[in-house]
Amino acid sequence: MRYWIHVGPLLLAFNVTTCAEQAERVPVATAGDLSIYDAYAPASAAPDVASLYFTVVNGGSVEDTLIEIRLVEGRAELHDVVTEEGLTRMQHVPVLPIPAGDTVRLAPGGYHVMLMGLSAPLEVGGRVPVGLVFARSGIARVLAQVLTYSDVVERLEAAAEP
Ligand SMILES: [Cu+2]
C-alpha cells in the first residue's frame, strides 16, 4: 500500500507493508551475525504446554549454535519430530547448529521449542518473552506472537512460496 505525506514543500512517498509481510522480512531480534524472524506460538489447548517457532538466519561466515532457551516462567526444551517404524514422536535435541550463511527454520512437524510448566494456556494476541542463547553471538531477546491455528497455517503457506 502506498501512502503520501506532505513535509513542507516536499511530497514524500513511502510504502507500508502489512503485518504479515513484516513478519517475514523484518527481524524480530538480532545477535551478532544472527537475525531472528517470525517468532510465534500457536494458541495452546493444553493448560501448561505449548510449542514455539522462529527462523534464524546466519549472515556470518562462522557457524553458531543455539544452546539454551530461557523463559520468564516454565522451562523450554528444543525438540525435533522423528518417525521411526511408522511412529511419529518428539525427540529432545540438546543443541541446534546454525551453519554459516544458512537459514534454520523451526516449524510445525519439525524442530520446535517445547514450552512446559506454563501457569496458563497461551492466548491469541499475547506475547511470549523468550531469550535465545547462542554459543558465539550471545542472547537474542524475542517476543513471540501467540497466533490462531489458521494464522499459523497461513504463515507456513507463505513461507513455502518461492
Ligand atoms: Cu515437542
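Residues numbered from 1 in each chain as written. Predicted model: local features only at pLDDT ≥ 70, side-chain atom pairs only at ≥ 80, totals over all residues.

Asks: Tell me about the overall build of the protein, residues and numbers included.
Replies: Looking only at helices and strands, the protein has 2 helices and 13 strands in total. For the protein, contacts bridging at least 24 residues in sequence account for 67% of all contacts bridging at least 6. (Helix = DSSP H or I, 4+ residues; strand = E, 2+ residues; numbered from the N terminus. Contact = placed C-beta atoms within 7 Å.)

Asks: Quick rundown of the environment of Leu118? Include the residues and the values.
Replies: If you trace the backbone, Leu118 turns up in the loop between strand S11 (112-116) and strand S12 (127-134). Leu118 sits 72 residues away from Ala46 along the chain, and the two C-alpha atoms are 9.7 Å apart. With residues near it in sequence (within four places) discarded, Leu118 still touches Asp48, Val49, Ala50, Glu73 and Gly74.

Asks: So what about the pairing of strand S5 (residues 50-58)? Which residues, and what values?
Replies: With 5 bridges connecting them, strand S4 (residues 34-42) and S5 associate as antiparallel partners. Note that in S5 the partner of Ser35 across the bridge is Val57. As paired strands, S5 and S11 are joined by 3 bridges and run antiparallel to one another. Following the sheet pairing, Ala50 is matched in S11 by Leu115. Both S5 and strand S10 (residues 103-105) contribute to a ladder of 3 bridges, which runs antiparallel. The partner of Val57 across the bridge, within S10, is Thr103. (Pairing = 2+ DSSP bridges.)

Asks: With reference to specific residues and values, describe the nonpolar core.
Replies: Ranked by internal contacts, the top residues of the largest apolar core, which has 29 residues, are Ile36, Ala41, Leu52, Phe54, Val142 and Ala144. Counting residues per element, this core draws most heavily on S4, at 6 residues. Excluding anything up to four places from it in sequence, Ala41 contacts Ala50, Ser51, Leu52, Leu122, Val128, Ala144 and Val146. (Core = buried A, V, L, I, M, F, W, Y, C linked by C-beta atoms within 7 Å. Buried ≥ 20, exposed ≤ 12 C-beta atoms within 10 Å, placed from the backbone.)

Asks: Please provide a residue-by-residue account of unusual backbone geometry, values included.
Replies: One non-glycine residue, Asp38, lies in positive phi territory at about 55 degrees. Inspection of the secondary structure puts Asp38 in strand S4. In the Ramachandran plot, Glu85 falls in the positive-phi region, its phi being about 50 degrees despite a non-glycine side chain. Mapped onto the fold, Glu85 is located in the loop between strand S7 (75-84) and strand S8 (87-92).

Asks: How would you summarise the pairing of strand S6 (residues 64-71) if you had to cite specific residues and measurements?
Replies: As paired elements, S6 and strand S9 (residues 96-98) share 3 bridges and run antiparallel to each other. By the bridge assignment for S9, Leu66 is matched with Leu96. As defined by bridge partners, S6 adjoins S12 across 5 bridges and the pair is classed as antiparallel. Bridge pairing in S12 links Arg70 to Gly131.

Asks: Please provide a residue-by-residue account of the environment of Arg70, values included.
Replies: Note that Arg70 resides in strand S6. Sequence separation of Arg70 and Ile139 is 69 residues, and the distance between their C-alpha atoms is 9.4 Å. Setting aside chain neighbours within four positions, we find Arg70 in contact with Gly131 and Val133.

Asks: Which residues make up the confidence of the model for the protein, and what values go with them?
Replies: Mean pLDDT for the protein: 86, with 85% of residues reaching 70 or above. Contacts of residues 1-23 to residues separated by more than four positions or lying in other chains number 13 contacts, the stretch itself having pLDDT below 50. (pLDDT = per-residue confidence, 0-100.)

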